[in-house]
Amino acid sequence: MSAVIGGANQLYVLPSNASLHESPTPFTRRIARNVQHLLRLESHLDKVIDPAAGSYYIEKLTEELAHKAWAIFQQNGN
């Protein structure tokens, strides 16, 4: 995603079974080949002015959740 947002000319994605040291199947090769097209042509990530807009809200919620979880953890530890 960051490569498409950054304007990369090419994106090489390994087939999903490459990490398992297996031979790629026609299906896994096709999916790997089409990932860049899905990101660029269908989701238009390269056309959005600020694709991360609103991420601050998610960060805020995550921080609140972490603080509340830590408080519960500390209460149960005593």
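Note that the structure is a prediction, hence the values are computed from the model and not measured.

> Hey, could you run me through the environment of Asn 17 in this one?
In this fold, Asn 17 is placed in the loop between helix H1 (2–5) and helix H2 (26–42). By relative accessible area, Asn 17 is classed as buried at 7%. A C-alpha to C-alpha distance of 9.4 Å links Asn 17 and Arg 29, two positions 12 residues apart in sequence. With residues up to four places along the chain from it excluded, the contact list for Asn 17 reads Glu 22, Ser 23, Pro 24, Thr 25 and Thr 28.

> Got a minute to help me understand a nonpolar patch on the surface in this structure?
A cluster of nonpolar side chains, contributed by Tyr 56, Tyr 57 and Leu 61, occupies part of the molecular surface with about 360 Å² of accessible area. Note on placement: Leu 61 falls in helix H3 (residues 55–77). With a relative accessible area of 37%, Leu 61 lands in the partly exposed category.

> Honestly, the confidence of the model for the chain in this entry has me stumped. Any pointers?
Low-pLDDT portions of the prediction should not be read for the details of their coordinates. Looking at the chain, the pLDDT average stands at 83 and 97% of residues meet or exceed 70. Summarising per-element confidence for the chain, the mean pLDDT is lowest in H1 (77) and highest in H3 (90).

> Sorry, what's going on with unusual backbone geometry here?
In most cases, non-glycine residues show a negative phi, while peptide bonds are predominantly trans. A positive phi angle, near 60 degrees, is found at His 21, a position not held by glycine. By the element assignment, His 21 lies in the loop between H1 and H2. Assessed through its relative accessible area of 75%, His 21 is described here as exposed.

Thresholds, definitions, all that
- Residues numbered from 1 in each chain as written.
- Predicted model: local features only at pLDDT ≥ 70, side-chain atom pairs only at ≥ 80, totals over all residues.
- Heavy atoms only, no water.
- Helix = DSSP H or I, 4+ residues; strand = E, 2+ residues; numbered from the N terminus.
- Buried < 20%, exposed > 50% of the residue type's maximum accessible area, 1.4 Å probe, protein only.
- Contact = heavy atoms within 4.5 Å.
- Patch = residues over 30% accessible without salt bridge, like charges linked within 9 Å, V, L, I, M, F, W, Y side chains within 5 Å.
- Areas by Shrake-Rupley, 256 points an atom, 1.4 Å probe, with all protein chains shown as cover.
- Salt bridge = Lys/Arg side-chain N within 4 Å of Asp/Glu carboxyl O.
- pLDDT = per-residue confidence, 0-100.

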